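# Structural overview
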Amino acid sequence: MHRNAMDVLDLEQGMRDALGRDEFEPWFQPLVRLSDGAIQGYEALLRWNHPERGMLAPGAFLGVAEDSGLIEAIDWRMFERALEAGKALAGRSRYITLNASPRLFHRGDFDQRLLALAARLEFDPCLLRIEVTEGSLLRDPEAMVGILQRLADAGVEAALDDFGTGYSSLGHVHRFPLRMIKIDRSFVIPFAEGAAPRRSSALIEAILALGRALDVEIMAEGIETPAQCGALQSMGCVFGQGYLFGRPAPAKDWI
Ligand code: C2E
Ligand code: MG
Ligand code: MG
Ligand code: MG
């Protein structure tokens, strides 16, 4: 989206005010087992409860939050709110996931800080997962292996988000301690009516084979139709997420 300099400054100031007024909050979307729809966990998704514009999804502000660096403060506030609200949900599933901006890993103490937050809020780290993007993994791979390994040792496992959209190569994922890979929605879209070009299924099948070889759970994002769910299951995909199973909603709606 094109924004002029004034819009950007307004949005930045708006986000600073929003931090002061505590307007950022987590919504939650279920992550399910495709065979029976059983809820495995919930992904915490950032929302801005804007005083004039209503409830905003990240698409409306994330770019400016990233560019300005404000995302750091927003993410930490969001994590705090998500762990508080997610306590009731975590007990009803295996985990809550948090999306972490690549910026949070520029400092090497991400793991310490996250574990300290969980301890302070008395949130069991074993019920927590962190979603990272390929960009986060590849900026400083060695540092990232360390961060993710220390988190895994403490019980916080990692999911690779939006797989297939980044610099992705199937070749580098084995270097990182990952519990889950989430196939980006763009690869699921071709199956909306069931059948899809051979190339689409070949790609998903390759990711599923990798998952089996590495003992990593594979989850498909953006499942909207029963046909997509069926096609993914027939290829061997076990886990999924999408409007078919539930849209993001406040925690109280899931309790
Ligand atoms: P994501 O991590 O890939 O999250 C999934 C996005 O897909 C969410 O959009 C979700 O609402 C949407 N989605 C889920 N199922 C379906 C479906 O069946 N169809 C369609 N069309 N969409 C579906 P949302 O909530 O707008 O978030 C967008 C992105 O913003 C997220 O993508 C993530 O990259 C980022 N984000 C969300 N929360 C946070 C956060 O707390 N911190 C940071 N740094 N980024 C976040
Ligand atoms: Mg995510
Ligand atoms: Mg995702
Ligand atoms: Mg995605």
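Above this text you will find the structure in question.
Residues numbered from 1 in each chain as written. Chains lettered and ligands numbered in written order. Predicted model: local features only at pLDDT ≥ 70, side-chain atom pairs only at ≥ 80, totals over all residues. Heavy atoms only, no water.

## Considerations on the pattern of salt bridges
The final tally for this structure, using the stated rule, is 16 salt bridges. The shortest N-O distance in the salt bridge between Arg21 and Glu23 comes to 2.6 Å. Take Arg21: its relative accessible area is 51%, and that puts it in the exposed class. Residue classification places Glu23 among the buried positions, given a relative accessible area of 9%. (Salt bridge = Lys/Arg side-chain N within 4 Å of Asp/Glu carboxyl O. Buried < 20%, exposed > 50% of the residue type's maximum accessible area, 1.4 Å probe, protein only.)

## Side note on the coordination of the magnesium ion (ligand 3)
Where a metal carries four tetrahedral donors, each ideal angle is 109.5 degrees; where it carries six octahedral donors, the ideal angles are 90 or 180 degrees. The coordination sphere of the magnesium ion (ligand 3), as far as protein atoms go, consists of Asp161 (OD), Asp162 (OD) and Glu221 (OE), spread over 1.7 to 2.6 Å. All donors to the magnesium ion (ligand 3) come from one chain, and their sequence spacing reads D-D-x58-E. In this structure, the magnesium ion (ligand 3) is positioned 3.4 Å from the magnesium ion (ligand 2), and both are ligated by Asp161. Here Asp161, found in strand β6 (residues 157-163), pairs with Glu221, found in the loop between β8 (217-220) and α8 (226-235); they are 60 residues apart in sequence, far enough to count as distant. (Donors = N, O, S within 2.8 Å, 3.2 Å for Na, K, Ca; no water. Helix = DSSP H or I, 4+ residues; strand = E, 2+ residues; numbered from the N terminus.)

## Some details on the site of ligand 1
In the vicinity of ligand 1 there are 24 residues, among which Arg47, Asp75, Asp161, Glu224 and Tyr243 approach most closely. Within the side chain of Asp75, an N or O atom sits 2.7 Å from a nitrogen atom of ligand 1. Between ligand 1 and Asn99, the relevant distance is 3.0 Å, taken from an oxygen atom to a side-chain nitrogen or oxygen of the residue. The protein chains hide 83% of the 800 Å² of surface that ligand 1 would expose on its own. At the level of secondary structure, the elements contributing two or more residues to the shell around ligand 1 comprise β2 (39-50), α3 (70-90) and β6. Top element by residues in the shell around ligand 1 is β2. It accounts for four residues. For the shell around ligand 1, the per-class residue count stands at 10 nonpolar, five polar and nine charged. (Near = heavy atom within 4 Å. Polar contact = N/O pair within 3.5 Å; in protein donor to acceptor, adjacent residues only side chain to side chain. Areas by Shrake-Rupley, 256 points an atom, 1.4 Å probe, with all protein chains shown as cover. Nonpolar A, V, L, I, M, F, W, Y, C, P; charged D, E, K, R; others polar.)

## Considering the packing of helix α1 (residues 5-21) against α3
Each packed pair of helices is defined by two parameters, the angle between the axes and the distance between the axes. The N-to-C vectors of α1 and α3 enclose an angle of 30°; their axes lie 11 Å apart at closest approach. With respect to their mutual orientation, α1 and α3 come out roughly parallel. Between α1 and α3 lies a crossing of left-handed hand. Contacts between α1 and α3 involve Glu12, Met15, Arg16 and Leu19 from the first element and Leu70, Ala73, Ile74 and Arg77 from the second. A class-by-class count of the residues in the contact of α1 with α3 yields five nonpolar, no polar and three charged. (Axes fitted to C-alpha atoms, helices over the stretch in contact; angles between N-to-C directions. Parallel < 35°, antiparallel > 145°, perpendicular 65-115°, else oblique. Left-handed = near helix turned anticlockwise from the far one by under 90°. Contact = heavy atoms within 4.5 Å.)

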